[in-house]
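So the chains spell out like this:
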Amino acid sequence: MTDHRSPGQNRRDDSTNLSDNPGFDTVLQARLSRRRLLGGGIGAAALAMIGGGLSTACAAPAAQGAAAPGRSAAKLGFSPVAKSLADVVALPDGYRHSVLYRLGDPIAAGVGEYLNNGQDDAASFAFRGGDHHDGMHYFGLGPNGKLHKNESSRGLLCLNHEAITPAYLHPNGPTVVNGVRTVADEVLREFYAHGVGIIEAFKAGDGWRYDQDSRFNRRIHTLTEMELSGPAAKTPYMVTKYSPDGSRTRGTVNNCASGNTPWGTYLTCEENWAGYFRRIAAIDNPMRTAKELTALARYSVAGNGRERWATLTPDTPDDLYGRWNAMKLGTSADGSDDYRNGPNTYGWVVEIDPFAPASTPRKRTALGRFAHEGAWLGPVRSGAPLVWYMGCDSRNEYIYKYVSNQPWNPADADGGIKAGDKYLDDGRLYVARFDADGSGQWIELGFGLGNVTPANAAYAFADQADVVLHARLAADAAGATKMDRPEWGAVNPHNGEVYMALTNTNAASRPIDQLDAANPRFYNDRKTTGQNQLGNPNGHIIRFAEASGDAGATSFTWDVFLFGARASADAQNVNISGLTDANDFSSPDGLWFSQATGVLWIETDDGAYTDVTNCMLLAAVPGTVGDGAPRTIVSTDGVTTKAVDTYVGKQPGEENLRRFLVGPKECEITGVAETPDGKTLFINIQHPGEDTRPDFATDSFGSHWPDGGLARPRSATIVITREDGGRIGI
Ligand code: FEO
Ligand code: CA
Ligand code: CA
Ligand code: CA
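Residues numbered from 1 in each chain as written. Chains lettered and ligands numbered in written order. Predicted model: local features only at pLDDT ≥ 70, side-chain atom pairs only at ≥ 80, totals over all residues. Heavy atoms only, no water.

Per an unreviewed UniProt entry, the chain is named DUF839 domain-containing protein, and its organism is Aromatoleum bremense.

Laid out in C-alpha cells, this is it:
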C-alpha cells in the first residue's frame with residue numbers, strides 16, 4: 001500500500017501488534033554464533049557450492065561484463081538519473097519506454113477505447129484494465145499456448161490491480177450521501193477495477209503491444225469465484241451464506257505484490273483486505289465471543305469499509321454489497337445466513353493458472369493469513385522442498401516463510417493448479433526472529449508447538465486451521481521479531497540470499513526504546529518544508545543467508561543491506577550506507593532480482609523524500625551477507641539517547657547502486673518483470689496524481705500522466721528497452 005492517500009481514504013498500515021514480543025535486549029535463548037555461521041557455514045567455499053547448486057535450477061549469471069569481486073551481477077552500465085519532481089518517466093540516456101497497459105484499456109474484442117472521463121459503461125470494466133497496477137510476472141508463451149520459459153518476444157503478463165483512486169473512476173468522484181454509497185454503477189465499476197489482469201503481450205517491430213483479442217486475456221476481480229484449499233478450507237471458520245460448506249468465496253482484493261511457482265502459475269497476494277469490510281464495533285462487538293474479538297482486532301476488521309460498498313441498498317439477490325458487511329446479522333449458529341466469516345476468506349495467497357483461462361483461482365490457506373505483500377520463490381532444486389518467503393505489510397509485523405512437505409519433482413513443471421495442490425496445500429509455515437548477534441531463527445507455526453496451543457493466554461488456538469487463519473497471533477505467541485513494515489522480498493539467484501524491504505516506520509509505532517538490532521534506527525528526517533519526520537521514515541533493506549545455503553533451514557545470518565536516507569543526512573547514524581545524489585532514496589518497497597543479469601531492482605513507495613523527488617527505481621549490484629561490518633548506531637528522540645549494535649553491509653558506492661528511473665508526480669513505482677533475455681523490463685506506475693484533490697471543473701489534477709494535456713492520470717504498465725537492444729541496466 002502507499003504512504004500517501006487521497007482525502008477520505010483509510011490508512012491501513014497502523015500497527016495492531018500489541019504483543020510484547022521481545023527485542024534483542026531480552027532474547028535469552030541460546031543461539032548459533034554469527035561468527036561460526038559466517039566463518040564455517042557461508043564462507044567463500046560454501047557460497048561457491050551453493051552457486052554451483054543453483055545454477056542448474058536458476059537462470060545462469062550474466063555472461064556480459066565481469067562480475068565484480070564479492071558482487072553477484074555484472075557491472076551497472078548506465079548514468080544515474082537525477083531526482084525529479086517532473087510529471088514524466090525519466091530514464092538514463094540510451095533507454096526508452098512506452099506505455100503498454102493502462103487503467104481502462106480494453107482487453108476483449110469489441111470493447112471500446114477508454115473515455116477516461118468517468119462515463120465508461122460500468123459493465124465494460126470486466127474487460128478493461130483495472131486500477132493501481134502492482135505486482136507482476138512475465139510468463140513466456142510458446143506457439144502451443146503453453147509456458148515457454150525462454151520466450152522473450154511473446155508472453156502472458158499477469159499483474160495485480162491493488163486498489164483504486166475512486167476520484168478518477170467516476171464523473172465527479174464517488175457519490176456518497178450521508179456516508180452511504182448510492183450509485184450502483186459506481187460500485188460495480190470499483191468491483192471490477194480491483195483484482196488481477198492477464199494480458200498477452202508481444203514484441204512488434206521495435207515496440208511492445210498487447211493483443212486485445214487474445215483468448216488468454218482475463219480479468220479476475222472481486223466477483224470471481226475462488227476455491228479455498230489447505231488447512232482452513234471447509235472448516236467452520238469459512239462458512240458463509242455464499243458457501244455454507246466453507247469451500248468457496250467470491251473475489252480477491254487489495255492484491256499487492258505477487259509471486260510465481262515452478263509449474264508456471266501466478267501467485268497474487270491479498271494485502272489490506274481487512275479495510276474493505278464494514279463492521280461497526282459498537283453494534284457487532286456484543287454479538288461476538290472474546291476470542292473472535294481478539295482476532296478481529298488483530299486484523300483491524302472494523303469501520304465502514306474503505307469504499308463503503310456494504311452501505312449500498314437495496315442489495316442484489318446474491319448479496320453483492322452485503323457480502324462486505326462482516327457483522328453478525330443472522331440468527332444461525334454457524335454463520336450460514338450472513339457474512340460474519342467473510343473476512344476469514346480473505347488475506348491469503350491466491351494461485352491463478354494464466355494458461356488455463358477458465359480455471360478457478362485457489363486460495364492457498366497453508367501459507368497463512370495476514371496482510372500478504374507477496375510470496376517469493378526460493379531456489380528451486382530437484383528433491384528439495386519448495387520455499388516461499390513472505391512479508392506482512394503493517395508496522396511491527398513479521399517476515400514468514402512457507403516450506404513444502406513434498407520435495408520438488410521437475411516432472412511437475414507442467415502440473416498446473418494440480419501441482420499447487422501438492423506443494424501449496426501441504427507444508428509448514430514459519431516466522432522469523434532476528435537476534436542481536438546477527439543470527440536468526442525460523443520458528444514453525446504449528447498447532448501444539450511452543451505456545452501455539454489451547455493454553456496460550458492471548459489467544460487459545462483450537463487447531464491448525466485456527467493457526468493459519470490467525471498467523472499474526474500465532475507469530476506473536478512464537479516470539480517473532482516485529483519489523484519496520486515488511487514489503488517485497490527477493491531471492492538472489494546466484495546464492496539464494498533473501499532481501500526484504502522494510503519500508504519505514506514512525507515514532508508512534510516504534511518509539512526509540514523499542515529499537516532492536518534488525519530495526520536499529522531512529523532520527524528526524526526533516527523535510528525542506530520544515531516538517532519533522534521521526535522514527536525510521538526512510539526505511540531499510542535487510543537480507544539473510546539461510547544456514548548452509550538451505551532454504552528450508554531453521555536458522556540464518558543477517559545484515560542490513562541498505563539504509564534509505566537523504567544524501568545530505570548525518571553520515572554516522574542516518575546515511576549509514578553512504579548514499580549520494582546518484583542513488584539516495586527513501587521507503588524501499590518493490591525488490592526484484594533480474595534472472596538474466598543478477599541486478600537487484602529497488603522500487604520506492606515514499607511520502608518522506610517527496611519534497612525533493614518523485615518515487616523511483618534503482619539498480620543495485622548486491623554483495624553478500626557479512627560483506628560489511630558490525631556497527632553501533634546512536635539515535636536520539638531529543639529526550640532519550642540509545643545506542644544499538646547491528647550489522648551493516650558494505651557501502652555500495654555509486655558503482656553498485658544507481659537511480660535508473662524517476663516516475664511522474666504522486667506515483668508509486670511498483671511491479672517489475674522482465675523477459676528471459678533481460679532486454680525488456682516491465683514496470684508499473686501506480687496511482688499518479690493520487691495526493692492532490694482533483695478539480696473536475698478545470699481538469700486540474702495532481703498528474704496528467706501518461707496521456708498528458710488535461711487528461712485524468714491513470715495507473716499503467718510501461719515497457720523499458722535499450723536503444724541498442726541490449727540488456728537492461730548493465
Ligand atoms: Fe501494497 Fe505493501 O504495498
Ligand atoms: Ca508501500
Ligand atoms: Ca507494496
Ligand atoms: Ca500503493
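Picking up after the structure, the text goes on.
Caption draft 1: Spatial organisation of the overall build of the chain. Within the chain, the secondary structure is distributed over 9 helices and 37 strands. Against the 2.2 N^0.38 benchmark of 27 Å for 730 residues, the chain shows a C-alpha radius of gyration of 24 Å, consistent with a compact globule. Viewed in the frame of its principal axes, the chain has a C-alpha envelope of about 65 × 65 × 60 Å. Across the 730 residues that make up the chain, the buried fraction comes to 64%. For the chain, the proportion of contacts with a sequence separation of at least 24, taken over those separated by at least 6, is 69%. Split by element, the accessible area of the chain, about 23,700 Å² in all, is 51% carbon and sulfur. Each charge class in the chain can be summarised by its mean position, and for the 69 positive and 85 negative side chains these summaries are 2 Å apart. (Helix = DSSP H or I, 4+ residues; strand = E, 2+ residues; numbered from the N terminus. Rg over C-alpha atoms; globule rule 2.2 N^0.38 Å. Buried < 20%, exposed > 50% of the residue type's maximum accessible area, 1.4 Å probe, protein only. Contact = heavy atoms within 4.5 Å. Areas by Shrake-Rupley, 256 points an atom, 1.4 Å probe, with all protein chains shown as cover. Lys, Arg positive; Asp, Glu negative; His and termini not counted. Charge placed at Lys NZ, Arg CZ, Asp CG, Glu CD.)

Caption draft 2: How the structure looks around the pairing of strand S30 (residues 600-604). Of all 5 residues that make up S30, 5 are buried, and the element is covered over most of its length. Where burial is concerned, the two faces of S30 agree: the one with Leu600, Ile602 and Thr604 and the one with Trp601 and Glu603 are both buried. Pairing of strand S29 (residues 588-593) with S30 involves 4 bridges; the strand directions are antiparallel. When the bridges of S30 are listed, Pro588 appears paired with Thr604. Counting the residues that bridge the hairpin from S29 to S30 gives 6 residues, and of these Gly598 lies at a positive phi of roughly 80°. Strand direction decides the pairing type here: S30 and strand S31 (residues 616-620), joined by 4 bridges, are antiparallel. (Pairing = 2+ DSSP bridges.)

Caption draft 3: Seen up close, the coordination of the calcium ion (ligand 3). Distances from the calcium ion (ligand 3) to its protein donors, namely Glu373 (OE), Glu487 (OE), Asp589 (OD) and Asp589 (OD), fall within the range 2.3 to 2.9 Å. If you look at the calcium ion (ligand 3) and the calcium ion (ligand 2), they sit 4.0 Å from each other and are both ligated by Glu487. Highlighted residues: Glu373 in strand S15 (residues 372-377) and Glu487 in strand S22 (residues 486-491), separated in sequence by 114 residues. Residue Glu373 shares its accessibility class with Glu487, and that shared class is buried. (Donors = N, O, S within 2.8 Å, 3.2 Å for Na, K, Ca; no water.)

Caption draft 4: Representation of the nonpolar core. Ranked by size, the top nonpolar core spans 76 residues in total, and within it Phe434, Trp558, Ile602 and Phe660 carry the most contacts. The biggest single contributor to this core is strand S28 (residues 555-563), with 6 residues. Residues contacting Phe660, with those up to four places away along its chain left out, are Phe78, Val81, Ala90, Leu91, Pro92, Tyr95, Trp601, Leu617, Leu618, Ile720 and Ile728. Ranked by size, the runner-up nonpolar core spans 56 residues in total, among them Trp309, Val349, Tyr400 and Val452. (Core = buried A, V, L, I, M, F, W, Y, C linked by side-chain atoms within 4.5 Å.)

Caption draft 5: Molecular detail of the pattern of salt bridges. Applying the stated criterion across every chain, the model contains 42 salt bridges. Note that Asp319 is salt-bridged to Lys241, the shortest N-O span being 3.4 Å. Placement of the pair is Asp319 in the loop between helix H5 (290-298) and strand S13 (349-352) and Lys241 in the loop between strand S9 (225-229) and strand S10 (248-250), with a sequence separation of 78 residues. When its relative accessible area of 12% is taken as the criterion, Asp319 is described as buried. Residues Arg543 and Asp559 are paired through a salt bridge, measuring 2.6 Å at the closest nitrogen-oxygen approach. Of this pair, Arg543 sits in strand S27 (residues 540-546) while Asp559 sits in strand S28; the two residues are 16 residues apart in sequence, bridging distant segments of the chain. Of the two residues, Arg543 and Asp559, neither departs from the other in class, the shared state being buried. One network of salt bridges, in which partners are shared, links Glu227, Glu351, Arg362, Arg364, Asp421 and Asp425. (Salt bridge = Lys/Arg side-chain N within 4 Å of Asp/Glu carboxyl O.)

Caption draft 6: Region of the structure containing the side chain of Ser703. With respect to the helices and strands, Ser703 occurs in the loop between strand S36 (681-686) and strand S37 (716-722). Overall, the relative accessible area of 1% leaves Ser703 in the buried class. For Ser703, the side chain forms a polar contact with the side chain of Asp87, separated by 2.8 Å. Engagement of the side chain of Ser703 in a polar contact is seen with the backbone nitrogen of Trp705, the distance being 2.9 Å. Setting aside residues up to four positions removed in sequence, Ser703 forms contacts with Asp87, Pro664, Lys665, Pro688, Gly689, Ala711 and Pro713. (Polar contact = N/O pair within 3.5 Å; in protein donor to acceptor, adjacent residues only side chain to side chain.)

Caption draft 7: Spatial organisation of the sheet that holds strand S12 (residues 266-270). If you walk across this open sheet you meet the 6 strands as S10-S9-S14-S13-S12-S11, and the pairing is mixed. One side of each edge strand has no neighbouring strand; the edge strands of this open sheet are S10 and strand S11 (255-260). Strand-to-strand, the axes of this sheet are offset by a mean angle of 35°, without reference to chain direction. Taken together, the 3 bridges between S13 and strand S14 (residues 362-364) define a ladder with antiparallel strand orientation. Looking across to S14, one finds that Glu351 is bridged to Arg362. Contacting S12, S13 and S14, helix H6 (residues 416-424) runs over the sheet at an angle of about 15° to S14. (Axes fitted to C-alpha atoms, helices over the stretch in contact; angles between N-to-C directions.)

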